[in-house]
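Single-letter residue listing:
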Amino acid sequence: MKRTHHCNELRPAHIGQTVTLSGWVHSRRDLGGLIFIDIRDREGRTQTVFDPSDLTPELFAQAASLRSECVVSLTGKVRHRPEGTNNAKIPTGEIEVGITGLEVLNMAEVLPFAVDDPEVASKVNEELRLQYRYLDLRRPEMARNLKVRSKVAIAARSFMDEQGFLEVETPTLFKSTPEGAREFLVPNRREAGTFYALPQSPQQFKQILMVAGVEKYFQLARCYRDEDLRADRQPEFTQLDIEMSFIDREDIYALIEGLLKRVWKTALNIDVPTPFKRISFEEALNRYGIDKPDTRFGMELVDMTEDFKASTFKVFSGTITAGGVVKALNAKGMAGATQGQIETMTEYAKSFGAKGLAFIKVEGGEWKSPIVKFFSEAEKAALTTKLAIQEGDLILFAADQWLNACEILGKIRLYCADVLKAQGKLVIDPKQFNFLWVIEFPLLGFDREQNRWYSSHHPFTAPVTEDIPLLKTDPKKVRGQHYDIVVNGVELGGGSIRIHQPNVQKTIFEELLAIPPEETKLRFGYMLDAFKYGAPPHGGIALGFDRLIAILCNTPSIRDVIAFPKTAKGTCLMTDSPSQVSAKQLRDLYIEVKAKPPTAPAAPAAPTAPAK
RNA sequence: GGGGGUGUAGCUCAAUUGGUUAGAGCGCUGCCCUGUCACGGCAGAGGUUACGGGUUCGAGCCCCGCCACUCCCGCCA
């Protein structure tokens, strides 16, 4: 019996037709003399009815023996439900199928967890969900996530195609380029002691493709980073990777705005207004204390440096004298913060090297604070005005070097928003999406410990043209032609206009990043070579595809939008990988495992060390 | 590498200050039930309290260790 319809297809218009549905037993309601079975497939579910007057006793008994998640093929006639028994909760709720034929395709054992009840299933321990991922993915919520992912991938591909882009596949067996994230290494059987690395991104290949004259490249590219995991970080993940020639930043902005417009329309039927707002790195830090601001709520940082320059409160005035700033944040309605909450915020401040966290609770018409006694009337007045202080507010201060002060309060701002959300005092519309370009990042940062400059994005990022002379005189002031696309406080992606002149690239590598010329040659020689033979000006961007889908599916974890994700320790609970390999496999690869094999039988961690 | 949280029946969770035989709902098994859709009713089975030690007359609860999952910091050019 081959299916004639899917389980979300039958409507009153089909009444009278004989149909066959195939799928899983979603739920069974056995009334004794009458059995209802909801059959479910990828599309939805349909109620079927087993009435003994239409069936042989054997068939009826077989229906009674089915349990949840058995796979069946059911044949019968579509009919109206009796008066008053329609089910408005499902699209097929006006009809039912009176069954005359039943074929059991596969019986199911009792399940380790329920997949039919969304309330229960969504709370099941993730460990169990990952172990039985094939059951987890049957849940309508997860099936929807997979569907959104597929639809968005296809929409993105067709949009890029319409814009004249070519999708080009780049190698996943690549060269180790030990800058940036730790890489996964792949031993080479053909020559002892040599290794491939899995790419952290197709960055270098896509730039080479520009030299190759591809002009417009994109790829849904799998990338690998051997770093610790988070809710939004997996060791392998997907990027929508893009590169274009003969363009400037505006072209990238316009392209991505068009792409995201298409994606949001496809996935959520939402019309995203464009162009997106833009904010400089400096302004983002000044106002929100972070380079990926969530602008769906206020509580912006306020600069109080001028007002406390001559304060008798030495913690503030001293910091200012030392070249620092005083910034403040009004956490509206948080005067009732608990000791524990203040403690948490203080810990944030301390993690940035601050000694403590100054605060004022505005309660009962009073400023309750250990530091207010040091403030002059003028200082208090300045605070009241600039921070719009009202009853019930909590004012928090950071006095430190500019970047630190901003980042401390940025962290606290997000923490306060979480607290207020949990208390219901801050409500954010789940359909609100604040897109934002963050631009004009500093090209370089300085590592005090290693006493050298490092690229804040990556070493191929071009400086803003008018800042190029500063490279040799004041590198700190050089802005990069780098841009991040941010939505609701999540970094969706980033990119830059690249350096296409070999001499500028050489300056960056050798003079600023202080990579010895031999090493530059070894690691990036082929790129510098390529740039000698006619490299067009080019630039690009990469969007985190998993994060994009997670935002569209309204889930905080990208594991929910990846079919087979890894746990926080990088293992796959379903296949039990990584696993140990045979002695012969290791021998072929010239690898000797020196660490002791794990003693616990259920935890094969299989640490491998390269043979050297 | 560091910090926090969790782990009790197949699942989700209870269990007073350390005190009787570790409970409930769902699921499961059996019986009854012809209009249910969270079907209903009756009965029943089901526990190494993650694991290993310790303290105690007595430990799910306290202590030490360990494992797994999870969140965060570091890390992620």
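Everything numeric here is computed off the predicted structure, so don't read it as measured data.

The next point concerns the overall build of chain A. Summing up its helical and strand segments, chain A has 17 helices and 22 strands in all. With respect to the principal axes defined by its C-alpha atoms, chain A has extents near 95 × 75 × 55 Å. For chain A, long-range pairs separated by at least 24 residues make up 67% of all intrachain contacts whose partners lie at least 6 apart in sequence. Total accessible area on chain A is roughly 30,600 Å²; 53% of this is exposed by carbon and sulfur atoms. Within chain A, one finds 78 positive and 79 negative side-chain charges whose respective centroids are separated by 2 Å.

Let's shift gears to the packing of aromatic side chains. Under the counting rule described, the total for this entry stands at 22 aromatic pairs. Aromatic side chains Phe316 and Phe375 sit 6.0 Å apart centroid to centroid with 35 degrees between the ring planes, which places their arrangement in the tilted category. Of this pair, Phe316 sits in helix H9 (residues 314-321) while Phe375 sits in the loop between strand S15 (366-368) and helix H11 (377-387), and the two are 59 residues apart along the sequence. Here Phe316 matches Phe375 in class, with each residue buried.

This next bit is on a nonpolar patch on the surface. Residues Tyr134, Phe564 and Met574 make up a contiguous nonpolar surface patch of about 310 Å² in total accessible area. On the secondary structure map, Met574 appears in the loop between helix H16 (545-552) and helix H17 (583-588). Overall, the relative accessible area of 32% leaves Met574 in the partly exposed class.

The geometry of helix H5 (residues 140-162) relative to helix H7 (residues 249-268) is characterised by a closest axis approach of 9 Å and an angle of 145 degrees between their N-to-C directions. Helix-helix and strand crossings are classified by hand; for H5 and H7 the assignment is right-handed. Contact residues: Val148, Lys151, Val152, Ala155, Ala156, Ser158, Phe159, Met160 and Glu162 in H5; Leu255, Gly258, Leu259, Arg262, Val263, Thr266 and Ala267 in H7. Here the contact of H5 with H7 is built from residues that sort into ten nonpolar, three polar and three charged.

Grouped together as the largest cluster of nonpolar side chains are 65 residues, with contacts concentrated most on Ile256, Leu260 and Trp264. In terms of residue count, H7 provides more of this core than any other element does, eight residues in total. Apart from the residues lying within four places of it in its own chain, the contact partners of Ile256 are Ile242, Trp437, Ile541 and Leu543. Among the nonpolar cores identified, the runner-up in size contains 39 residues, and Leu301, Ala337, Ala354 and Leu357 belong to it.

Moving on, we get to the sheet that holds strand S21 (residues 490-497). Pairing is mixed across the open sheet formed by eight strands, whose spatial order is S6-S9-S10-S22-S21-S20-S17-S11. Each edge of the open sheet carries a strand with a single partner, namely strand S6 (166-167) and strand S11 (277-280). Here helix H8 (residues 281-288) sits on the sheet in contact with S11 and strand S17 (435-439), set at roughly 85 degrees to S11. The strands touched by H16 are strand S9 (216-224), strand S10 (236-245), strand S20 (482-487), S21 and strand S22 (538-544); relative to S21, the strand with the most contacts, the crossing angle is about 145 degrees.

Attention shifts here to the protein's contact with RNA strand B. Around RNA strand B lies a shell of 49 residues, among which Asp30, Thr85, Glu96, Glu127 and His457 are the nearest. Expressed as a percentage, the sugar and phosphate content of the atoms of RNA strand B within 4 Å of the protein is 52%. Ala568 places a main-chain nitrogen or oxygen 2.7 Å from a phosphate oxygen of RNA strand B. Put simply, the parts of the chain that give the surface near RNA strand B at least two residues each are strand S1 (18-30) and helix H3 (126-131). The greatest single-element share of the surface near RNA strand B, amounting to three residues, is contributed by H3. Among the residues forming the surface near RNA strand B, the class breakdown is 16 nonpolar, 14 polar and 19 charged.

Next up on the list: the pairing of strand S14 (residues 358-363). Walk down a regular strand and you will see the side chains alternate between the two sheet faces. By the criterion of burial, S14 is predominantly enclosed, with five of the six residues buried. Judged from the four bridges that link them, S14 and strand S16 (residues 394-400) form a sheet pairing that is antiparallel. Directly across from Ala358, in S16, lies its bridge partner Phe397. Note: S14 against S15, three bridges, orientation antiparallel. Note that in S15 the partner of Val362 across the bridge is Trp367. Linking S14 to S15, which pair antiparallel, is a turn of two residues; within it Gly364 sits at a positive phi near 55 degrees.

Counting buried positions over the seven residues of S16 gives six, a clear majority of the element. Both strand S13 (residues 325-331) and S16 contribute to a ladder of seven bridges, which runs antiparallel. Across the sheet, Ala328 pairs through a bridge with Phe397, a residue of S16.

Our focus in this paragraph is the pattern of salt bridges. Under the defined criterion, the tally for this structure stands at 44 salt bridges. Across the pair Asp41 and Arg3 runs a salt bridge whose closest N-O atoms are separated by 4.0 Å. Taken together, the positions of Asp41 in strand S2 (residues 35-41) and Arg3 in the segment before S1 put the pair 38 residues apart, joining distant regions of the chain. Between Arg138 and Glu69 there is a salt bridge; the shortest N-O distance is 2.8 Å. Of this pair, Arg138 sits in the loop between helix H4 (133-136) and H5 while Glu69 sits in the loop between helix H1 (57-65) and strand S4 (71-80), and the two are 69 residues apart along the sequence. Judged by its relative accessible area of 24%, Arg138 is partly exposed. Put simply, Arg129, Arg133, Asp136, Arg139, Glu141 and Asp560 are held in one network by salt bridges that share partners.

Take the sheet that holds strand S3 (residues 44-50) next. One closed barrel holds the five strands; their spatial order is S1-S2-S3-S5-S4, and the pairing between them is mixed. Averaged over all adjacent pairs, the angle separating strand axes in this sheet is 55 degrees, with direction ignored. Judged from the ten bridges that link them, S4 and strand S5 (residues 95-106) form a sheet pairing that is antiparallel. When the sheet's bridge partners are listed, Thr75 is paired in S5 with Gly101. Strands in contact with H1 are S1, S2, S3 and S5; relative to S5, the strand with the most contacts, it is inclined by about 80 degrees.

With that settled, consider unusual backbone geometry. Cis geometry is found at the peptide bond from Thr274 to Pro275, where omega equals -5 degrees. Its place among the elements puts Pro275 in the loop between H7 and S11. Omega for the peptide link from Ser577 to Pro578 comes to 0 degrees, which places this bond in the cis form. The residue Pro578 is located in the loop between H16 and H17 in this model. For Ala514, which is not glycine, the phi dihedral falls at a positive 55 degrees. Since its relative accessible area comes to 47%, Ala514 is described here as partly exposed.

Calculation rules
- Residues numbered from 1 in each chain as written.
- Chains lettered and ligands numbered in written order.
- Predicted model: local features only at pLDDT ≥ 70, side-chain atom pairs only at ≥ 80, totals over all residues.
- Heavy atoms only, no water.
- Helix = DSSP H or I, 4+ residues; strand = E, 2+ residues; numbered from the N terminus.
- Contact = heavy atoms within 4.5 Å.
- Areas by Shrake-Rupley, 256 points an atom, 1.4 Å probe, with all protein chains shown as cover.
- Lys, Arg positive; Asp, Glu negative; His and termini not counted.
- Charge placed at Lys NZ, Arg CZ, Asp CG, Glu CD.
- Phe/Tyr/Trp six-rings, centres within 6.5 Å; stacked < 30°, edge-to-face > 60°.
- Buried < 20%, exposed > 50% of the residue type's maximum accessible area, 1.4 Å probe, protein only.
- Patch = residues over 30% accessible without salt bridge, like charges linked within 9 Å, V, L, I, M, F, W, Y side chains within 5 Å.
- Salt bridge = Lys/Arg side-chain N within 4 Å of Asp/Glu carboxyl O.
- Axes fitted to C-alpha atoms, helices over the stretch in contact; angles between N-to-C directions.
- Left-handed = near helix turned anticlockwise from the far one by under 90°.
- Nonpolar A, V, L, I, M, F, W, Y, C, P; charged D, E, K, R; others polar.
- Core = buried A, V, L, I, M, F, W, Y, C linked by side-chain atoms within 4.5 Å.
- Pairing = 2+ DSSP bridges.
- Near = heavy atom within 4 Å.
- Polar contact = N/O pair within 3.5 Å; in protein donor to acceptor, adjacent residues only side chain to side chain.

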